[in-house]
Structure formats: structure tokens, C-alpha cells
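Below, each chain spelled out in residue letters.
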Amino acid sequence: MSGVHLLPEEEKPSKRSYYIIGGLVLLLLITNGLFFRNHLQIQGENDEAFAIIESQKSALQADYDTTIIELDNYITENEELISQNPEVDSSLTDIETEIEIQKTEINELLGKHKNSREELERARELLAALQDNSVVYQVQVEELRLANDRLNKENKNLQSTVGNLNSKVKNLSSQMSSLNSNIAEKTAALKRLKKERSRVNIETRELSTAKEQLNEERQRLFSAKEILDAEKERLDREARNLENKRKELATQKVSSKPVNTAVVDAKIENLDKQKAHLEKEKKEILQEKDLLEEKKEILEEQQQELHEKQALLEQEKATFKAKNKNNSSKTSAALQAEAEALRLERIALEESQRRLQQETQQLEMKSVDLVSEQKSLKTQNELLEKKLELASVLKADDVEVAAVRYKKNGKEVTVKGHKRADRIRVCFDILENLVAGSGNKKLLVRIIGPEGNTLFIEATGSGTFTNSRGETMPYSMRAVIEYNLQQEQYCVYWDQDKKYLPGLYQTEVYHQGYLIGKGSFKLKKSVF
């Protein structure tokens, strides 16, 4: 043998052994491949579960942030209302303490890098309790609304009262003006009456005096005329005596008896002188008589004028009485009493006007305060309406998103591969919200694909909307649900007109422009 070592027949390896070894190696390779595949599948499921947990955590965080904003606004408002409603602060102290404890625990849970389902469930429970506590603040909103309505009503009543008072003041002013005019007219009439009476009395006294003087002058003239007549008669007698004596002397002169002619002539001359003197006195008496006659005529003319003046005065009295017919029965004392009554009435009206002006000023000041308070309440009311709008926003919980397909029997099953997906199903729980009210509610759903674009088919109802921050955003589909004020699950479906891409899909649910829930799922790249 040339160095070749021959083994016994039974020790030579057979083909069967090679097959067994090969089978074992192949089995080992298959086992390792299955293990690796299961490991990858488990890791993918873990990643998907982690993504779902993170999505739920993000939704919880968004819900929590919204609730915190509401509570912060309520607390800020509560601090502003303490001065107006002192009971609010004391009644909310315990709740605020509880809220701070809940906030601390929620922040600790949501602040962790990774959370378990139990921790998220605990955070969800705390958030629900936190949202329940916000209802207490909503009660204060209603109280403030009622207070605002009451103040508006009081303000309207005050404005109406001020208007009535202003109307009363105007009426009183008009009455006072009329009263003052009436008083002025009556006072002027009283003055005119007094002046007219004084003038009439003066003229009456003057006429009486003139009449007395005329009567005295007339009496004096009559006396002077009688004296003159007597003197004329005496002078006539003396003139006759002288004429008789002159005739006697002339007879004696021509008689036969001897007489002293010179003596006779002297006597005759003396008698002529006496006669001339008597003629002169007679002439003077006649002149004086003529003068008295002239004075008598003048006196009679004055008496006639006096009678005319008396008649004119009587006529003026009658005219004055006719002009003051309404006041004919009133004496000066009655007019003075009426003027005094009017003066007292004016004083009372002035006092009433002054009191009304003070009340008006007080009401105007109160009205200014109410207007200022109303503006403040209006601002607060606008804020509260915004908060009420926010409070009426529905809350979504447990947002679950998955790709589904349908078997031949119509049964719906979830799938992981992107090629096997027929539809996307979005299910969520709408929580109880008594503020929102029952009825149809419109929800908008955004599905964001792996490339970051919103799935959008305008023909099937996709569109755009404005979110709570005023941004315009696209949405994939619109869902109208029948809400009955209780927690209930709703599901909506998205039908794609082309194949789905592999990767992570983000889902957002909106109500009234507010994000109320988020979810996500992942489609794997499938070979078949």
C-alpha cells in the first residue's frame, strides 16, 4: 500500500450522513432566518406600538396643553373677578390646589422619554379629572354672563331714568320760564296799575285843588263885583246930588236975590271937580268891572276845561277798568298775594330743579361708571365667549388608525403591508362634553402620508379649512357624527385612488378648527 490508510467498510461515511448533516444545516439556517424574521417583525411591531404610544402621547399632550390654556385663562379671569365676586376665590381655592397636583403628576408622566400604556392611561385619567375641574370655571362664566346682562339692564334703566329726569328738568325749565314770564307780566301790570292809579290820584288831587282855587277866585270875583256895584251906586248917588246942588247954585245965580257970584262960581267949580273926580272913579270902577268880567269869563273857561279834564279822567278810568277786566275784582293786596304765591312757587321749582340736577349728575356719574364697567365686561364677555367656544369643542380620545382590507366573505381585517391595504380606518372616542350640546357635529380628518403631504382627493370631499391659529390647512375627509352628550366611539374610512406608500402615516382630527386628537400607524414594504 502506498501509504493509503484503508478504513474498515463500516467506518466509511455514507451519503445518508451527508444528507442528515445538510438537512441539519439547512434547518439551522431556516430556523435562524425565521428567528431573524420574527425578530424583525417583533421589532417592527414594537416600533409600531411605540409610534402608536407616542401618537397617543402627542394627542394627550395637545389635549393637555389646550386644557392648560383654558384653565390659565379661567384662573386669570378669576383673579380679575375677585373684586366683583369675592366668593369666587374662596370657593375655588381647593380646586386650584387639586389642579396643581394633577398638573404636576401629568407633567411628570408626559415628561418621560418612553411611557407604558398604564402610564398613558393614568395620564388620561388625570387629564379627564382636570377637564372636569374646568367645568367649575364655566359656571363662573355663566354667572358673569348673567351679571353682565343684569348690568346692561340696569344701565338701560338708568339711561331711561336719566332721560326721564332730563325731560322733567326741561319741563320744569319750561314751566319756570313760563312762570317767570307770567310773574314779570303780572309784576309789570301791577306796576303799571300802581303808576296809573298814582297818576289818576295826582291828577284828581290837582283837579280838586284847581277846582277849589277857581271856586275861591269866583267867590272873590263875585264879592268884588258886588263891592263895585255898591260903589257905582254910591257914586251915582253922589253924582246926582252934585248935579242937584249945581242946579240949585245956577238957580240962585240967576235969581233976583243978591248973592255972591264969586262964591257961587267957586262952589260950582268945586262941584264940577267933584263930579269929574266921581266920573273918573266911575270910569275906573267900570274898567275894573270889565276886568272882573274878563276874569270871570276866563274862570268859566277854566271851569269848562276842568269839567272836560274830569270827563277825560273818568273816560280813562273806564278804559283802564275795561283793560283790566279780568283783574277788576282783584285789589292791589290780592295781586301782591298772587305775586308772592308765584314767587314761592318759583323758589320751589328752583329747588326741585336743583335737586333733579344733582340726581342727574349722580346718575350721569353712575352711568359713566356703568359704561366703563360695561366696556370691561364686554371685553371679558368676548374673552368668555372665546372660552365658551373652546369649551364647546369636542375632545377625541384613543385615536386608532389602521390599514384594512376585505376578504371575499366581506370580513374586514387589518393589514401591515402597503400593497395589501384597501382603505384606512380611523376610529376614535368622543368624550362627554355637556357644553357642546347634542346634535350633528362636523369633524375634519387629516391623513398625512410618509412624504409629509396630506392625502387629498377633491372629488371625494377633500378641502381646506382655517385652524384655531388662523392658518389655512388641507383636510382629507369630513365626517358628520350624531353626538348625544355621552362618550361614544366613531369610525371613518379613507378610500385611496392609488396604491398606498410604505411608511408612517400621521392622522389628525379637528373640530371647529381645533386639533382634538392625533394618531398614527405604519405600513410596511411588502413584496407580495
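The structure under discussion appears in the preceding block.
Source: prediction; values computed, not measured.

In spatial order, the strands read E7-E4-E9-E10; together these four strands make up an open sheet with antiparallel pairing. Among the strands making up the open sheet, the edge pair consists of strand E7 (477-483) and strand E10 (514-523). Across the sheet, the mean angle from the axis of one strand to that of its neighbour is 25°, orientation sign disregarded. In this sheet, E10 lies alongside strand E9 (residues 503-511) in antiparallel orientation, the contact comprising nine bridges. If you follow Tyr505 over to E10, its bridge partner there is Phe521.

A few words on the state of the cysteines. All told, the structure shown has one disulfide when counted by the stated rule. Each sulfur in the disulfide pair Cys427 and Cys491 lies 2.0 Å from the other. The disulfide joining Cys427 to Cys491 has a torsion of about 110° about its S-S bond and is therefore right-handed. One end of the pair, Cys427, is in strand E3 (residues 423-430); the other, Cys491, is in strand E8 (residues 488-495), and 64 residues separate them in sequence.

Let's shift gears to the sheet that holds E3. The antiparallel open sheet is built from four strands, whose spatial order is E2-E1-E3-E8. The open sheet has two edge strands with one neighbour each: strand E2 (412-415) and E8. Geometrically, the sheet is characterised by an average inter-axis angle of 40° between neighbouring strands, direction not taken into account. Two elements, strand E1 (residues 396-406) and E3, share seven bridges in a ladder whose sense is antiparallel. Its bridge partner lying in E3, Glu400 is registered against Cys427.

Here is what the cut-offs are and how they apply
- Residues numbered from 1 in each chain as written.
- Predicted model: local features only at pLDDT ≥ 70, side-chain atom pairs only at ≥ 80, totals over all residues.
- Heavy atoms only, no water.
- Pairing = 2+ DSSP bridges.
- Helix = DSSP H or I, 4+ residues; strand = E, 2+ residues; numbered from the N terminus.
- Axes fitted to C-alpha atoms, helices over the stretch in contact; angles between N-to-C directions.
- Disulfide = S-S within 2.5 Å.

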